[in-house]
Amino acid sequence: MTLTASAAPPETAPTAPGPGAPGAADVVARHLAAAPALEQAVWADARSAPTRLRAAAGLLLAAVVATGLDWAPSLAWLRGDAAPADPGEGTTAPGHGAASDAPSWSSRRVPDDEAGPATEGRVAAEAAFLRNEAEWTSWYRRTREEAQAPGTGLGEWRRHLVDTLAELRRLERAGQLDAAAETVLRRLVGRHQERIGLTAGERAQATWLVSLAVLRTAPRGPFFADGPDALDRRLHEEAKYAPTTILDQMPDLVGAGTDGRQPLPVRGTPLPLAGPGAELPGLAEVLLARRSAYGTYAGPLTVEDLGRLLYHSAAVTGEKTMGGADAPLRVRPHPSGGSRYPLRLLAYCHDVQGVPRGLYLHDPDGHALLPLDARDLTGELIPAVPATDPRLPATKAGGKIDAAGCPLWLFLVADLTYQRLHYGLRSYRLVLLEGGHLAQNLSLVSTGLGLSSVGLCGFYDDALHAALGLDGVNSAVLYTYLVGRVSNPATPG
């Protein structure tokens, strides 16, 4: 994908993007009236595809600097679509995320007619960035310094956005905005990108290039290179406990709040699930029978199957007391460091009788499905997982999976920031261990129900995050599970 020249629309102020209250329209109008000259100071010399790409990314990076957001919320702000949130969304699942300084990516669903271009833009950005990480990380440092410097084109653009954001925050405090000031600014930035002639795919490409540069402070080393500076070696070494440092390393937050969890807005009425049902086969029997099943997955499953699977694997099943806690802690069928449970289960129900097709969040406390997205996601999920992508050959480690009719996809989502607040560098080890505990539950309970399943850790992370509405930084997929009934099975593992 390249950024090609396209005619910019006339320099007339578009309809105010959503503030809709006295005072807000004036702020937006003043902002838009002053913006063209500032934009063109940066954009005028951008004639070739590479220079257009850098100019578009530069304008966006200056907007990030203007927000003053830290790196993690700035990524959520960046990767959010510029369109207003769905009018019917309304609530966030209790215990599954609180409001933050930046809008939740999942609260901004990409319109259906832009989903393809958005994917194309992300793929193009990843290719451009990974081909030359050193160049883009250097560009990021230079461009950020330019945006912070007075008198430069990007510096003046940033200053204009800072002034606009200050006015929007004043209106927000007065209750005159329909969304957070940063959200309204993101809409304005989207309008600017449209006004200078960027398509939906080009906007996505610029957005992903900037967000990748925010995350990469230096180029990555070779993927299989080993040594004391390899990232996995450094993490393992620096996360070790030692007697001389243990008092500074011990967790000091008792209980589980919601700080650090990406908010996942619920779009509909919760769907209660059935409890344990009939007795399952014994532990020894399912341990010996468990296999990872490759082949053609088909449905349907019943809502009773789904309810029993999630109840025995992940629902709250009791309480326990623990020293330092103010109240009994609710526990689930798998262990969790400090009973914090940093994992959440997303379920894409494609062919489950009694459950409308769509993406759901499992509520372990109420043992219910909370609807997140009613779209058919199969077309986005299958190419995001190499084992299910029919365009790719089978790997030596496993077989191919025909997932076109897979009735149930489960995603183990780790709230990384949430756990890190409690355990620091040790948190990543704990999150991975808990992922294994929960995955084993899913495998064994599926077997006990007479269902086939397979856990897959090979997937294109950000493609999957985009399909599921996750920011990939605070909340990210650890593991993907397919559940159904398999015909013509390949050699199991």
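The structure presented is a predicted model; accordingly, all values stated were derived computationally and were not measured. All residue numbers refer to position in the chain's written sequence, counted from 1. Where totals are concerned, whole chains, interfaces and linings use all residues; where local detail is concerned, this predicted model gives features only for residues with pLDDT of at least 70, and gives and counts side-chain atom pairs only at 80 or more. Side-chain metrics rest on all non-hydrogen atoms present in the structure, leaving aside hydrogens and water.

Considerations on the overall build of the protein
And then number 1: In this description a helix means any DSSP run of H or I spanning at least four residues, a strand means any run of E spanning at least two, and both kinds are numbered starting from the N terminus. Per the secondary structure count, the protein includes 16 helices and 15 strands.
And then number 2: Across the 493 residues that make up the protein, the buried fraction comes to 49%.
And then number 3: Whether two residues touch is decided by their heavy atoms; if any such pair falls within 4.5 Å, the residues are in contact. When contacts within the protein are restricted to residue pairs at least 6 apart in sequence, long-range pairs at least 24 apart make up 78% of them.
And then number 4: Of the roughly 22300 Å² that the protein leaves accessible, carbon and sulfur atoms contribute 56%. Summary of the burial criterion: residues with accessible area below 20% of their type's maximum are buried, those above 50% are exposed, and those between are partly exposed, where the area comes from a 1.4 Å probe applied to protein chains only. Surface exposure here means Shrake-Rupley accessible area, sampled with a 1.4 Å probe, where a residue is shielded only by the protein chains that are shown.

A word on the pattern of salt bridges
And then number 1: Counted as salt bridges are all cases of a side-chain nitrogen of Lys or Arg within 4 Å of a carboxyl oxygen of Asp or Glu. Using the criterion set out here, one finds 24 salt bridges in the structure.
And then number 2: A salt bridge links Arg216 to Glu133, with the nearest nitrogen and oxygen atoms 3.3 Å apart. Taken together, the residues span a long stretch of sequence, with Arg216 in the loop between helix 8 (200-215) and helix 9 (231-238) and Glu133 in helix 5 (residues 133-148) at a distance of 83 residues.
And then number 3: Notably, a salt bridge pairs Glu237 with Lys240, separated by 3.0 Å at the nearest N-O pair.
And then number 4: Taking the relative accessible area as the measure of exposure, Lys240 reaches 38% and is therefore partly exposed.
And then number 5: A single network of salt bridges, built from pairs that share partners, joins Arg30, Glu167 and Arg170.

Digging into unusual backbone geometry
And then number 1: Cis peptide bonds are those with omega within 30 degrees of zero, and the linkage from Gly299 to Pro300 qualifies with 0°.
And then number 2: Mapping Pro300 onto the fold places it in the loop between strand 4 (295-298) and strand 5 (301-302).
And then number 3: Of note, the phi angle at Ser339 is positive, near 55°, even though the residue is not glycine.
And then number 4: Tracing the backbone shows Ser339 in the loop between strand 7 (329-331) and strand 8 (343-349).
And then number 5: On the basis of relative accessibility, which here comes to 8%, the residue Ser339 falls in the buried class.

Let's talk about the packing of helix 2 (residues 49-67) against helix 3 (residues 71-79)
And then number 1: Running from N to C, helix 2 and helix 3 cross one another at 135°; their axes reach a closest spacing of 11 Å. Taken together, the axis directions place helix 2 and helix 3 in an arrangement best described as oblique. Relative to helix 3, helix 2 is oriented so that their crossing is right-handed. Residue-level contacts link Leu60, Ala63, Val64 and Thr67 of helix 2 to Ser74, Trp77 and Leu78 of helix 3. Fitted lines through C-alpha atoms serve as axes, helices being fitted only where they are in contact, and the angles separating the N-to-C directions of these axes extend from 0 to 180 degrees. What sets the label is the angle itself: under 35 degrees gives roughly parallel, over 145 gives roughly antiparallel, 65 to 115 gives roughly perpendicular, and the rest give oblique. A crossing counts as left-handed when the near helix is turned anticlockwise from the far one by less than a right angle, and as right-handed when that turn is clockwise.

Details of the confidence of the model for the protein
And then number 1: pLDDT: the predictor's confidence for each residue, scored from 0 to 100. With 85% of its residues at a pLDDT of 70 or more, the protein has an overall mean of 85.
And then number 2: Within the model, the stretch residues 98-109 combines pLDDT values under 50 with 49 contacts to residues more than four positions away or in other chains.

Digging into empty space enclosed by the protein
And then number 1: In this analysis a 1.4 Å probe is tested at points of a 1 Å grid over the protein atoms alone, and where it fits but cannot get out there is a cavity; an open set with protein on both sides within 12 Å along at least five of seven lines is a pocket; lining residues have an atom within 4 Å of a point. Grid points are joined across faces, edges and corners, and a volume is the space filled by probe spheres set on the points. Applying the stated criterion to the full structure yields one cavity of 30 Å³ or more.
And then number 2: Taken as a whole, the largest cavity encloses approximately 90 Å³ of empty space.
And then number 3: In terms of lining, the largest cavity is formed by Glu39, Ala56, Leu59, Leu60, Ala63, Trp157, Leu161, Val189, His192, Gln193 and Ile196.
And then number 4: Of all elements in the fold, only helix 2, helix 6 (153-173) and helix 7 (181-195) reach the threshold of two or more residues within the lining of the largest cavity.
And then number 5: If you tally residues by element for the lining of the largest cavity, the top one is helix 2, at four residues.
And then number 6: Only Asp, Glu, Lys and Arg are considered charged, only Ala, Val, Leu, Ile, Met, Phe, Trp, Tyr, Cys and Pro nonpolar, and every remaining residue, Gly among them, polar. Residues that form the lining of the largest cavity fall into these classes: eight nonpolar, two polar and one charged.

A few points about helix 1 (residues 24-43)
And then number 1: Given a rise of 1.5 Å per residue, 20 residues ought to cover 28 Å, and the 27 Å separating the end C-alpha atoms of helix 1 matches this to within 8%.
And then number 2: The seven residues ending at a residue and the seven starting there each receive a fitted axis; the angle between those axes is the bend at that residue. Bending of helix 1 peaks at approximately 40° at the position of Ala35, with proline Pro36 no more than four residues after it.
And then number 3: Regarding helix 1, the residues found buried are Ala24, Val27, Val28, His31, Leu32, Ala35, Pro36, Leu38, Glu39, Val42 and Trp43.
And then number 4: On its buried face, helix 1 sits against helix 2, helix 6 and helix 7. Take the number of residues in a helix, subtract one, and multiply by 1.5 Å to get its expected span.

Details of the pairing of strand 13 (residues 408-415)
And then number 1: For strand 13, a buried count of eight out of eight residues is recorded, marking the element as mostly surrounded by other parts of the structure.
And then number 2: A two-sided burial pattern is seen for strand 13, the buried positions comprising Leu408, Leu410, Leu412 and Ala414 on one face and Trp409, Phe411, Val413 and Asp415 on the other.
And then number 3: If DSSP finds at least two bridges between two strands, the strands pair. As defined by bridge partners, strand 8 adjoins strand 13 across seven bridges and the pair is classed as antiparallel. Residue pairing across strands places Ala347 opposite Leu410, the latter belonging to strand 13.
And then number 4: Across eight bridges, the pairing between strand 13 and strand 15 (residues 475-487) is antiparallel. When the bridges of strand 15 are listed, Asp415 appears paired with Ser475.

What about the environment of Leu416?
And then number 1: With respect to the helices, strands and loops of the structure, Leu416 is situated in helix 14 (residues 416-423).
And then number 2: What makes Leu416 partly exposed here is its relative accessible area of 21%.
And then number 3: Between the alpha carbons of Leu416 and Asn474 there is a distance of 5.4 Å; along the sequence they are 58 residues apart.
And then number 4: The residues touching Leu416, leaving out its near neighbours within four places in the chain, are Tyr428, Val431, Val473, Asn474 and Ala476.

Points about a nonpolar patch on the surface
And then number 1: Nonpolar side chains collect at one region of the surface, where Leu235, Leu425, Tyr428 and Leu432 lie side by side and expose about 320 Å² of accessible area between them.
And then number 2: Take Leu425: it is sitting in the loop between helix 14 and helix 15 (427-448).
And then number 3: Exposure remark for Leu425: the relative accessible area of 35% places this residue in the partly exposed category. Excluding any residue in a salt bridge, patches collect residues exceeding 30% relative accessible area, merging like charges within 9 Å and nonpolar Val, Leu, Ile, Met, Phe, Trp and Tyr side chains within 5 Å.

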